Amino acid sequence: MISRFQFYLLTINYILGTTLFVLIQRLVKQGGQNAWFMPYWAGGFGVLVGLFWILLFRHYPGRSLVQIPLDAWGRPLGTFVSVLYFLYFCNLAGWVLRNLSDFMNGTIMPETPKSVFHVMFLLVACYTVAQGAEAVGRLNQIITPFLFFPFWLVLLLATVNWDWERLQPVFHSDLGAILQYHSFLGFPYMETIALTMLFPLVKQGAGRPFLLGLWTASVSLSMTLFMIIGLLGVERASRLTFPVYTVVQEVSIGEVIVNIHAIISVILLILIFIKLLVLVYGASETLRQVFRPQTRWPHFLALTILLSAMALSIYENPIQNGEWDEKYTFIYDSFFVLLIPFLLLVTTWIKRTFGKRTKRRMS
Amino acid sequence: MTYRYAAGVFILMMFTALLTACWDKTEMNELALVSMVGVDIDPDSGKKTVYYQIINPLSGTSARGTPGGEQAPVYTYEISGSSFGEIKSTIYKMLPRKLFIAHSKVLLVSQRAAGQGIRDIVNFIEMQPNGRSSVPMLIVDGSISQVMKTFTPLERVPSDAIDSRLKLLIRNSLLAGKHIKVNDVIERMEKSDTIVLPMIAATSENPSSNSGETAADIDANQNNFIIGGGAVFRDYRMVGKLNDAQLVWYHLLNGDEGRHVRRFQVEGKQVSMELRLVRMQRDVFRQSDQPSVRIRLDLQLSATWANEFVPRSRAEVKRLEGNLNRIIENESLAFYQMTRERGWDLLRIRDLLRKQMPNHPDIDQAAKNAKVTIEVATRLLRTGSMNQPYEGTG
Amino acid sequence: MLIFHILLVPLIGFPVLGLLRKKLYRDAAVFGAVSMMGYGLWFRIVNHRPFIITIFIEKMIETFVA
């Protein structure tokens, strides 16, 4: 059982995980000087979708996401849907790992083969998840101050280069461009369905910390975008692959504090690790709850083999990934996040109303 | 139980293999620390030549008395190729250590390369993961090869010499500004703005290539380079030069706060006054469909360096201030007229209009036709150790 | 190829045999299924012809939409 505060922090770190270095460039390119407004709109949508899930979960108290299809649709169809969710979580984990190794290869460690990063992260993640959800929650709670304070401290150190003029003119350009960018809804907000695997384990209800976490992550993203635009300007930030990294690279206090970008790399690594923890937990719990095996560690070994393979197979190169992200993320995510829960909800309502009618007929 | 042991040992072995950073480790003495980079492009053949000035770790006080004589503080390697990317591979034909450019302090670009366009150079720096765009960029007036192979007296590493000179110039004069870094160039060029970068030239025809000789020579102007003048850039290309006098007005009208001493001719007398900008306000008014820009400068004067003449009474101070107001207004307006004739938007009027009047249909035309008025208000606040200079008797 | 098989065959084979010996058939089936998926993907990676998942999903979406 994890506490509400731990779940709240877990939600924030899960959303910020890969977003902070994969999406910033694309958001600035789409939104221009007003990109800092985009997380509020997308966060609002994320909260609506979260409310929709919470409604579904209210009909099945104490059950996690993959147990609901089993309850609603019976064993065969439910198992099929749960296996689909398992593959979905594996896909997401593969993306996370591949983003990580692209980042490390592109910035600090260009020679290391990608599988080294994948396997190392997976080994530690599987060990952590094997200890249970409490370990995940507690670990996140302890680590969050070590992420939060250095990140903002380093960004504040860079404010010697701040220029308010980079943010002007405000709200002048076309707001429609912001609203048309639907892939921001998909990644990262719709991917938070992986956190619903932890819903039954949160003491005193998971709804409120989940929605609060969504909102806080949006505020955090918006502030980060605001800082990036003010420090780099739209022209550079929309072209650099890792704007946060470049901002920190250019920090130079006096002549002494220079080249401190290693701090940001470590912070991003840990954030990604937490996102990976949630996804590995989701995948392994799916296996455990659907098939109910009696041993534990062989399945972690199988997961490691599968996920390290998927990390290398998930996309060809960052350019193809960018294209996929813009066109298909929303459709792909909404299948798992909107369509299937909607069908489950409809089935549940139908069952409830028919159940009441048959009861009334019988009594 | 043995199963667990075996699995544990296997995992530990994997950790040992995977945690040693086998692929990316580099020892410190395998690195070539670059302190200055110079770039030249041949206009006829398009060949790119890059000069890397590498710090010599063996030089310094601890190495005195080593056999073989004095060690040079830096070594300059020159390498050519058809593109900058190719140079990354071919540099190792000359360089015995791994190139590490994360600590470079200055970027020099030859004038002929600047005339052709620096966009390739800037793109190359931004694309490299280790390249820092926060280094200042200077344009070389003359032979870049000579400047890159010049030792400097007093400050042994030439890039440190340039860096500290720029800092001193920014504080103590209006001959250099803060926005001379590569990332400033990118920002301004991408907005179709202009930027002025400092220029550097060698002081003598044949500088010595022996650092011992340079260190022991009393004439500091002999083996050195001098920073002076400005190169005007528009659309990544150098379109003209400014001399020192024009540079002063350029920096003043763009809001730089260095303390600059200049000799003015006031009422038939020469007086060297120190100016410092305290506040600059730029306002845009619409006058019968033509925008007009009013620039108001508030300057602080100091008579510390005025060894020729110091005002005696408040009336004299007011007259001096009034005269200086007029002189500065006229000269800066003349500077603006000169830039307008040459088509250089050095006062960044277009940028100002873009921010204040974003809905104007044709910003470029409006910027060209804008009427600019400059109002200067000076105030004498400081005097030196003497309140009147010596006059002699005759 | 050789190293790939040397690494993966014992990693997959020993747990499967161990689970079968303990008569945990369901566990062995789940482990076998997941690790064979991984083996298949790795096999193609080692042959430098990886199976790109996003392109596969793209094709599926296009056939559904069209």
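Above this note sits the structure.
Nothing here was measured: the structure is a model prediction, and the numbers come from that model. (Residues numbered from 1 in each chain as written. Chains lettered and ligands numbered in written order. Predicted model: local features only at pLDDT ≥ 70, side-chain atom pairs only at ≥ 80, totals over all residues. Heavy atoms only, no water.)

**Here we look at the side chain of Thr329(A)**
Residues and elements named next belong to chain A. Operational definition: Helix numbers and strand numbers start at the N terminus; a helix is a DSSP run of H or I with at least 4 residues, a strand a run of E with at least 2. The cut-offs for exposure are 20% and 50% of the maximum accessible area for each residue type, with area from a 1.4 Å probe on protein chains only; residues under the lower value are buried, those over the upper are exposed, and the others partly exposed. Should any heavy atoms of two residues lie within 4.5 Å, those residues are counted as being in contact.
Residue placement: Thr329 occurs in helix H15 (residues 318-362). Note on Thr329: relative accessible area 3%, which makes it buried. When residues no more than four places from it in sequence are discounted, the contact partners of Thr329 are Ser183, Gly186, Phe187 and Trp324.

**Regarding the pattern of salt bridges**
All names here are of chain A. Defined as follows: In the sections that follow, a salt bridge refers to a side-chain nitrogen of Lys or Arg positioned within 4 Å of a carboxyl oxygen of Asp or Glu.
Scanning the model with the defined rule gives 28 salt bridges over all chains in all. For Lys114, the salt bridge is made with Asp102, and the minimal N-O distance between the two is 3.2 Å. With Lys114 in helix H6 (residues 114-130) and Asp102 in helix H5 (residues 75-106), this residue pair connects regions lying twelve residues apart in the sequence. Residue classification places Lys114 among the partly exposed residues on the basis of a relative accessible area of 23%.

**A short note on the interface of chain A and chain C**
Bring the parts together and some accessible area is lost; that lost area is often taken as the interface size. Selection rule: Defined here as a combined quantity, buried area equals the accessible surface (1.4 Å probe) lost by two parts on assembly, summed across both. Whenever two N or O atoms come within 3.5 Å, that pair is a polar contact, provided that in protein one can donate a hydrogen and the other can accept it, and provided that, for residues adjacent in sequence, both atoms are side-chain atoms. Nonpolar residues are Ala, Val, Leu, Ile, Met, Phe, Trp, Tyr, Cys and Pro. Charged residues are Asp, Glu, Lys and Arg, and all others, Gly as well, are polar.
Across the contact, 32 residues belong to chain A and 27 residues belong to chain C. Taking both partners together, chain A and chain C bury about 2,600 Å²; carbon and sulfur atoms supply 76% of that area. Of all residues in chain A, the largest losses of buried area upon contact with chain C belong to Ile305(A), Ser313(A) and Tyr328(A), amounting jointly to 22% of the total for that side. Between chain A and chain C we count zero salt bridges in total. Remark: the boundary between chain A and chain C carries eleven residue pairs in polar contact (both at pLDDT 80 or more). Looking at the side of chain A that touches chain C, the elements that each hand over two or more residues are H5, helix H13 (261-291), helix H14 (297-313) and H15 of chain A. The element contributing the most residues to the side of chain A that touches chain C is H14(A), with 13 residues. Residue composition of the side of chain A that touches chain C, by class: 22 nonpolar, eight polar and two charged.

**Points about the interface of chain A and chain B**
Contacts between the two partners involve 29 residues from chain A and, on the opposite side, 29 residues from chain B. Summing the contributions of chain A and of chain B, the shared interface buries around 2,600 Å²; its carbon and sulfur component is 54%. Considering only the side of chain A, the residues that lose the most area to chain B are Met120(A), Glu235(A) and Arg236(A), jointly responsible for 20% of the buried surface there. Applying the counting criterion to the chain A and chain B interface returns two salt bridges. Glu126(B) serves as the salt-bridge partner of Arg236(A), at 2.9 Å between the closest nitrogen and oxygen. When contributions to the side of chain A that touches chain B are tallied by element, the ones reaching two or more residues are H6, helix H11 (234-237) and helix H12 (243-249) of chain A. The element contributing the most residues to the side of chain A that touches chain B is H6(A), with four residues. Residue composition of the side of chain A that touches chain B, grouped by class: 13 nonpolar, eight polar and eight charged.

**A look at the nonpolar core**
We count it as follows: Here, nonpolar core means buried Ala, Val, Leu, Ile, Met, Phe, Trp, Tyr and Cys residues that are tied together by side-chain atoms lying within 4.5 Å of each other.
Residues Phe7(A), Tyr85(A), Tyr88(A), Phe89(A), Phe184(A) and Val280(A) are the most contacted members of the largest nonpolar core, which totals 151 residues. Counting residues per element, this core draws most heavily on H13(A), at 17 residues. Residues in contact with Tyr85(A), not counting those within four places in the same chain, are Leu65(A), Val66(A), Ile193(A), Phe336(A), Ile340(A) and Pro341(A). With 54 residues, the next largest nonpolar core counts Ile41(B), Ile101(B), Leu108(B) and Phe233(B) among its residues.

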